[in-house]
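Listed here are the chains, written in short residue letters.
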Amino acid sequence: MKNRRVVSAIRHVLLLAVAALFAAPIYLAVVVASHPARDVLSGVPALPAGRLANNIAHVINNPFPQSPSLGTMMLNSLILALGVAVLKLALSVPAAYAVGFFRFPGRMVMFWLIFITLMLPVEVRFFPTYQVTANLGLLNSQGGLILPLIASATAVFLFRQYFRSFPRELADAARLDGIGPIRFLTSIVLPLARPTLAAIFVLEFIYGWNQYLWPLLVTSSPQHATVVMGIRQIITAAQSFSVPQWDLVMSVALVALIPPVLIVMAMQRWFVRGLMAGID
Amino acid sequence: MPGGTAPRALTPGQGKDPMRSSGEKRRLLTLAAGAASITMAAAACGGSSHSSAPPAAAAPAPGKTVNLTVWTAFSGVNATSFNYLVSQFNSSQSQYHVTALSKGSYSQVLSDTIAAFKAHAAPDITQIFDAGTATIMDSNGSYVPVYKLMSQYKIPFATTDFIGGAASYYETASNQLDSLPFNSSTPVLFYNKTELQKAGISQPPTTWNQFASDAAQLLAHGQKCALTSSGAYVMWTDMEEFSTWNGYQYATNDNGYSAVKGTKLKIDSAPLVNHLTLLGQLAQKGQYMWNGVSTSTVPLFTNGTCAMYEQSSADLGTIQAAAKFPFGVSELPIADNDANAPQNTVVGGASMWVMSGAPAVHYRGDAEFLHYLMSPQAQAYWASHTGYVPVTPASSDLLKSQGFYSSHPNDLVAVKELTNKTPTSYTRGIRLGYLPEVRQAEASAIAAVLSGKQSASAALASAQSQGDSILTQFASQYGG
Amino acid sequence: MAVDAAARPRLIRVPGLRRRPVRAGGAGDDAIFGHRLLPVALIVPELVVVGVFFLWPSVKAILEAFRQSNAFGLGERFSGLANFSAALNGTYLQAVEVTAAFTAITTVVSMAIALLLAVQVERTGRMRVFYRTLFIWTYAVPGAIGAALWLFLFEPHIGPGARLLEDLGVNWNFALNGTQAFALVTALTIWQQCAYNFVFFSAGLQAVPESVVEAATIDGASPIRRFWSVVFPLLGPTVVFVTVSDVLAALFSSFAVIDVVTQGGPGGSTTTLVYMLYRDGFQNGDVGLAGAESLLLFALAGILLVFQFRIFNRRVHYR
């Protein structure tokens, strides 16, 4: 019994230690962002100081060179994340509904066509996709930023999986009551699918927010820059000072990671569900 | 040259004293017209609407302003100064409005220009850096040659309007300028007067052997790091310019000027091996510092970590704004045992290219804007506020007549290096396709030497073979 | 890591994770509505987007791989296999090695850490939820932002991580030392990958029936033996699933981390295949070469797809 207690205590200590290690980069970011730049040159202090608000206000009010204001970048990131999440749902729910609830010519061909997209994420096909986006005149536009990112059938697949487990009696009953397919979708399927919708929404939001390579390629005008893609240029700018401005870099980094982390923390249930959706 | 590497100050630092204007002889001002005389009565000549000839010019509808876009890589002091020139041009006339957009780095401007051109959304004028010259010059049809543009609008323009070093670097085989040489610089040696004095060194080193003994003396006096080089362009300062300054060949076919096909690098040579070996030995002891192409080295000099700095003269303004100690500028050290050295350095920096495919009414505006950029006033303002050299003799005469160089001797070093001797076929410039890519291979070699992973000869041999296959790929694509 | 979590493989159905019984005769087995035009109308928007931004680029990549033009896209002509022979030179092989090593190390290590954490967290009773939160949140940290944090951590002479290594006598300078650069990028990726793996292992462990574990306990098996002989085999499908996910993430989605921390350097020591494609296609403007590299990457992804199908089929067979 005593032995067990010791083991359990060791386990808690170890888990907390690892958790602290995982969180260390963020904690250090807070410390650095709350000190003047000069303080970190000879080693990072152990505790935060009082300049956090100042530094964050500074990065919000003073755009880095070749960058728009932090506010603009955050807004662009938000538009991208919401655009990806909303459009992905808007396209994939009807498509999955069609595949799951109807029989029509070429149904399986279409499904498999879509399915192939699962294996080729945008990182693999970014080069030709860029050229197509350019040909369509979509560089430096929200459309060019968002549409190629949602050109995969992942969510269709997930919803189809969900629809497969949808109680068939409901559909039969609806049909007998003379409820048409569209009304069936809007008034029965979607309300019941709310948890799955929320889960995919969270996942896609994070996916959109965290994009780096694609925005870097598609947006050459600073007005369209997102906060995540801008981080490298900000680092380069900060490092070229006699005293590297790490306090400002870390302030930007903290601001940039707050929205996705908050969403995951707040919607942990949905988020984990979203991750599991495919194998649920 | 590094418009791109120049530190991106969060708040642009102060430039040098504003140029003192007028009161001086103005004999040269008639040579090239200034901002006021920009609106030239240029009759439109014919011309096909595509590829290398400027399109048949249409005058803009009266009262309607034509918007022109210029992409550059400028940042900090250089961006502020360029924006000033743009605003001067804009207020000097009302037909055209130029908007300058900085992309932050030279490679970004090049890749964005290429991408935008393919998407039919190219800027009117774009700034292509030295190493990208061959890439665009050989892409016939993507640009309108500046000499043709100027002649179409009857604007006086000749290759001889430019200083030899700039003209020879950018001119074609037929001695014409396809682009307008604009911001031109060359590497110089910055030195921290305080640290050198502390170590009992009265003069900056003139040879690399002398540099090595100075480094030892600095170390003995507690100054560990003796030297750092340009961050993004160490292959420019310590390989390309090292070669031209000492008169060595860099590539076959006159460094690529006389032919594209069959051009091979000559970097696997004894002088370069010796130079990199020296840097490698010093790096092992922390006496030479360079941390990869993506880390700026300006702070290493301005915060006193390293006592000397091989960097583009273009960074003079930036260093002046950041350094809290007295510093001097001198010519690059030369290789020892070489009677011909020093020869001459070549320009780095960038030139302005007029892109094809724009609406016809834009081209006269392009011509007038470029003509303004080469005017003595604009060049004198530019050179005196940045650290770039004046690219036309007319503008350097203007600066001399204003007494600028006697009060700013640091600015004269780059000019001296560029004009030290008449260029040979090895020191006219370096015109290699995909040179930026070749430089990547060279940067890898330098990293391998400095980290002690490879000897200089092994590293340069592998950079040479990589570079040669890049040149072969270029030649096959361009059918040279 | 900017991975579309939903883009990870979904084919493998892990029985242990099934929380809701699938009803026989679910909607997927048979179409319910008889309309013909409506379903087409419903699916067309998705098809248009996939067609324009997926199929068209893919076809284009295949065509471009066999053509050459100058950097500005002018003077294009057929060039046979010239791009492939240019692609398959020494630096490409180096990138293959880097990619393989990076993928193998990040996958194995992040899975090992995540599995260990998940097992320990499962044994903390009521504290489980608390610990789970502590280990999940890094999933949401954007790859590039996480990389920025680590870049500072290991900034020579300044970052605490770098100072620790320097105190241990390491001559730390990842800007010049390729091995160190590779180690840094790898460690950073493991940090980011753990959360994702943790979620799946936690779920997999929860699905292991208590009775099975209890039976083993009564038999007197030690906890460690219990895990390897009873629990781990039941986790098999989850392990396979996580492996495939991690391999894909490491192969294709490591761009942000590498671009922020090392830009592929020094000396190509962190240049993965995706990074190389970016550099050749965008920074160097070599369209044909990038086309050939894209095609090779497609082929690699295709091989993985086949591999995944085989796993999928075997899973079906199990049941």
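The shown structure was predicted, so the numbers you read here are calculated from the model rather than taken from an experiment. (Residues numbered from 1 in each chain as written. Chains lettered and ligands numbered in written order. Predicted model: local features only at pLDDT ≥ 70, side-chain atom pairs only at ≥ 80, totals over all residues.)

> I'd like a description of helix H13 (residues 362–373) of chain B, backed by residues and values.
In an α-helix, one turn spans 3.6 residues, which is why side chains three or four residues apart end up on the same side. All names here are of chain B. Taking 1.5 Å of rise per residue, 12 residues should cover 16 Å, and H13 covers 17 Å from first to last C-alpha, within 8% of that figure. When you tally the buried positions in H13, you get 12 out of 12 residues, the bulk of the element. His 362, Tyr 363, Arg 364, Gly 365, Asp 366, Ala 367, Glu 368, Phe 369, Leu 370, His 371, Tyr 372 and Leu 373 are the residues of H13 that are buried. (Helix = DSSP H or I, 4+ residues; strand = E, 2+ residues; numbered from the N terminus. Expected span 1.5 Å × (residues − 1). Buried ≥ 20, exposed ≤ 12 C-beta atoms within 10 Å, placed from the backbone.)

> Residues and numbers for the nonpolar core, please.
Counting 329 residues, the largest nonpolar core has A:Ile231, A:Ala253 and C:Ala148 as its most contacted members. Looking at which element gives the most residues to this core, the answer is helix H7 (residues 178–206) of chain C, with 15 residues. With residues up to four places along the chain from it excluded, the contact list for C:Ala148 reads A:Ile231, A:Ile235, A:Val249, A:Ala253 and C:Val260. (Core = buried A, V, L, I, M, F, W, Y, C linked by C-beta atoms within 7 Å. Contact = placed C-beta atoms within 7 Å.)

> Give me the environment of B:Pro359: which residues, what numbers.
Along the chain, the position of B:Pro359 falls in the loop between strand E11 (348–355) and H13. Taking the C-beta count within 10 Å as the criterion, B:Pro359 has 11 such neighbours and is therefore assigned exposed.

> Tell me what's going on with the interface of chain A and chain C, and back it up with residues and numbers.
Taken residue by residue, the interface counts 98 residues in chain A and 91 residues in chain C. Considering every element that reaches the side of chain A that touches chain C, the biggest residue donor is helix H1 (residues 2–33) of chain A, with 12 residues. Residues of the side of chain A that touches chain C, tallied by class, amount to 72 nonpolar, 15 polar and 11 charged. (Nonpolar A, V, L, I, M, F, W, Y, C, P; charged D, E, K, R; others polar.)

> If you had to explain the interface of chain B and chain C to someone new, which residues and values would you point to?
With 29 residues of chain B at the contact, the number on the chain C side is 27 residues. Counting only elements with at least two residues in the side of chain B that touches chain C, the list comes to helix H2 (106–118), helix H18 (435–450) and helix H19 (456–477) of chain B. At six residues, the largest contribution of residues to the side of chain B that touches chain C is made by H18(B). Its residues placed into classes, the side of chain B that touches chain C shows eight nonpolar, 17 polar and four charged.

> Report on helix H9 (residues 223–252) of chain C, specifying residues and quantitative values.
Helix length check: H9(C) (30 residues) gives 38 Å between terminal C-alpha atoms against 44 Å at 1.5 Å per residue, more than 12% under. C:Phe232 marks the point of greatest bend in H9(C), at about 55°, and the proline C:Pro233 comes within the next four residues. (Bend = angle between axes of the 7 residues up to and from the residue.)

> Tell me about the sheet that holds strand E7 (residues 225–229) of chain B, residues and numbers included.
Spatially, five strands are ordered E8-E7-E9-E6-E10 (chain B) in an open sheet, and the strand pairing comes out mixed. Here the strands that pair on one side only, and so sit at the sheet edges, are strand E8 (288–289) and strand E10 (327–330) of chain B. (Pairing = 2+ DSSP bridges.)

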